[in-house]
Amino acid sequence: MEAITARGLNVYYGGFHAIKDVTVSVAPRRITSLIGPSGCGKSTLLRTFNRMNDLIAGVRVTGDVEIFGRPLYGEDVHSLRRRVGMVFQRPNPFPLSVYDNVAHGPRVHGTTNGKELDEIVARSLSAVGLWETLKDRLREIALSLSGEQQQRLCFARLLAVQPEVLLMDEPCSALDPISTTRVEELMQELKKDYTIVIVTHNMQQAARVSEDCGFMLLGELVEFGRTDSIFTKPSDRRTEDYITGRYG
Amino acid sequence: MDKLVSRLLLLAACSSAAILALIALFIFKEGVPIMARSGLGAFLLGRDWSPLQGQFGILPFIIGSLCITLGALLIGVPLGVACAVYLAEFSSPRWVNILKPAIELLAGIPSVVYGFLGVMWLAPLIRIRLGGPGLSILAASCVLAIMTLPTIVSISIDALQAVPKSYKQGSLALGATEWQTVWRVLFPAARAGILAGVILGMGRAIGETMAVIMISGNSTAIPHSALDSVRTLTANIAIEMGYATGEHRQALFATGVILFFFIMILNGAALRFARRKF
Ligand SMILES: Nc1ncnc2c1ncn2[C@@H]1O[C@H](COP(=O)(O)OP(=O)(O)OP(=O)(O)O)[C@@H](O)[C@H]1O
Ligand SMILES: [Mg+2]
């Protein structure tokens, strides 16, 4: 079954038509990247999939979206967001301890048992490669970590609620190149268990990490397919112009 | 030029500290001798305040101040913080723009007006419904709670609004509800600011004089319940200063010294708590 399918998806900010009739299906346990010039609607499309757009006043969404076969608006928003998690551009750990950051998700979804939480925290931090470094610093405030560690912690925070899909909006753009490489390696690890959709401004990154790729322009999904074919033989003229650098 | 300006600013900063020091010095000079003469213990823990007999024990007033302040916080903090959360997180910006100034306007009402309302409405209500003299710890606490609201609400709103939106987004994106987000993320993030509001509110409650004189009954006995009359440290000074002479007058200054320490200790403790990380 497809992880995400959208048919005839439109998103409006008040009168502004931000996503235009997008139809796409995202395969499970793969990394799908979304590229395109600034303002083309990549973040908007991504936010649609876990309904973060609903927080913005005046947003209207039409069309059909299904996440693993369940309609986007068919369940309550909290359990949907549990299934479809999101990592943001700037690492945004809560100003709480490392432990409380990771435990936040499970706690709000009803896990109160201390031992169970301990296990979840250990498992989630291990999955993002932070356990060894942080296992003795769990009570430290998360804001004292490095940028890369903070972003990894945000990954761990998501994994703690065992989502099905991970949405990432330029997750490396606030990191240095070495950290970026390591976070990309982490993504390769994670795709064994999770479906990942990543928005990136960095075309090399899209080429490096993703199997599938979508190119967006002015709210339209111009082209969608295997990453290597998009980068080597794009079928649309506009895609070609973009990846050869003729657009900003 | 820069140097000159910074010198001037330094001077200004120093002069306000100097004024504080002068005030402290003056109160201490007037008040300390009598405490030394009658003994600090006898002064602080004495239960009997009879200036004509030369008895100066201020324990009843310390208890009075503490009870009324605590009562005001017990009522004012939950109410104020709840207001702030609602306005900062759940209501539309239009309502915030109307309601926040309205609440802040409460701070501009002279305290004698609060006292007046307390005497006219609240005290009789308490007397008839709950018993006792009406003019009581409970009445004073209620009125002071309302007087501390503007401080607590407006500072808490600012603190909550200063929390980066990204924290809230991060929490909501995990599937947390708005309430869970407020409770588990925004509160801890805004804690220092909210506490600062509570401290300032507390300062207002403990220092308030006029309204308290009008509605606390001013009895010099130690209270046994929230329905009893009490007199606070501030009220004691204000009521008797007009006619006090000699030792009596010094005892009132000494009351001021205690009030001074009181506020220092409470603020210090609260500030420390606000700064503590975990
Ligand atoms: N909250 C909003 N209200 C109104 N318009 C918005 C809002 N957010 C985005 N837009 C508009 O929608 C369009 C798409 O924005 P979006 O943020 O999705 O683009 P993007 O592809 O993610 O751009 P970038 O690469 O700069 O992040 C832009 O024209 C933007 O101005
Ligand atoms: Mg974007």
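Coordinates for the structure precede this section.
Cut-offs used in this document
Residues numbered from 1 in each chain as written. Chains lettered and ligands numbered in written order. Predicted model: local features only at pLDDT ≥ 70, side-chain atom pairs only at ≥ 80, totals over all residues. Heavy atoms only, no water. Helix = DSSP H or I, 4+ residues; strand = E, 2+ residues; numbered from the N terminus. Buried < 20%, exposed > 50% of the residue type's maximum accessible area, 1.4 Å probe, protein only. Contact = heavy atoms within 4.5 Å. Areas by Shrake-Rupley, 256 points an atom, 1.4 Å probe, with all protein chains shown as cover. Buried area = accessible area lost by both parts, 1.4 Å probe. Salt bridge = Lys/Arg side-chain N within 4 Å of Asp/Glu carboxyl O. Polar contact = N/O pair within 3.5 Å; in protein donor to acceptor, adjacent residues only side chain to side chain. Nonpolar A, V, L, I, M, F, W, Y, C, P; charged D, E, K, R; others polar. Pairing = 2+ DSSP bridges. Axes fitted to C-alpha atoms, helices over the stretch in contact; angles between N-to-C directions. Core = buried A, V, L, I, M, F, W, Y, C linked by side-chain atoms within 4.5 Å. Expected span 1.5 Å × (residues − 1). Arc of directions from axis to C-beta.

Caption draft 1: Spatial organisation of the overall build of chain A. When its secondary structure is counted, chain A shows ten helices and ten strands. The principal-axis extents of the C-alpha atoms in chain A amount to approximately 55 × 40 × 30 Å. Per-residue burial for chain A yields a buried fraction of 57% across its 248 residues. The contacts of chain A with a sequence gap of at least 6 include a subset with a gap of at least 24, amounting to 67%. Total accessible area on chain A is roughly 10,500 Å²; 48% of this is exposed by carbon and sulfur atoms.

Caption draft 2: Quick look at the interface of chain A and chain B. Each partner contributes to the interface: chain A provides 27 residues, whereas chain B provides 17 residues. Carbon and sulfur atoms make up 70% of the surface buried where chain A meets chain B, a total of about 1,800 Å² over both sides. Summed over the shared surface of chain A and chain B, the number is zero salt bridges. Taken together, the links from chain A to chain B amount to six residue pairs in polar contact (both at pLDDT 80 or more). Of all the elements in the fold, those that place two or more residues in the side of chain A that touches chain B are α2 (77–83), β6 (84–87), α3 (98–108) and α6 (147–159) of chain A. It is α3(A) that contributes the most residues to the side of chain A that touches chain B, four residues altogether. Looking at the side of chain A that touches chain B, its residues break down into 14 nonpolar, eight polar and five charged.

Caption draft 3: Geometry of the sheet that holds strand β2 (residues 16–26) of chain A. All names here are of chain A. The strand order β2-β1-β4-β5 describes an open sheet built from four strands, whose pairing is antiparallel. Both outer strands of the open sheet, β2 and β5 (70–71), are each paired with one neighbouring strand and no more. Alignment of strand β1 (residues 4–13) against β2, held across seven bridges, turns out to be antiparallel. Residue Ile-4 lies in a different strand from β2, and its bridge partner there is Val-26. Most of the contacts of helix α1 (residues 42–49) go to β1, to which it runs at about 120°, and overall it touches β1, β2 and β4 (59–67).

Caption draft 4: Geometry of the nonpolar core. Ranked by internal contacts, the top residues of the largest apolar core, which has 62 residues, are A:Leu125, A:Leu153, A:Phe155, A:Leu166, A:Met168, A:Met187 and A:Leu190. Top element by residues in this core is helix α8 (residues 178–207) of chain B. It accounts for eight residues. Contact partners of A:Leu153, with chain neighbours within four places excluded, come to A:Pro93, A:Val98, A:Asn101, A:Val102, A:Leu125, A:Leu130, A:Ala142 and A:Leu145. Among the nonpolar cores identified, the runner-up in size contains 29 residues, and A:Val22, A:Val24, A:Met86 and A:Leu167 belong to it.

Caption draft 5: Helix α7 (residues 177–190) of chain A, seen in detail. Residues and elements named next belong to chain A. Taking 1.5 Å of rise per residue, the 14 residues of α7 would be expected to cover 20 Å, and the 20 Å separating its terminal C-alpha atoms lies within 8% of that figure. When we look at burial in α7, the residues that qualify are Ser-179, Thr-180, Val-183, Glu-184, Leu-186, Met-187 and Leu-190. Projected onto a plane normal to the axis of α7, the buried residues spread over an arc of 155° and lie on a single side. Away from its buried face, by an angle of more than 90 degrees, α7 presents the exposed residues Pro-177 and Ile-178.

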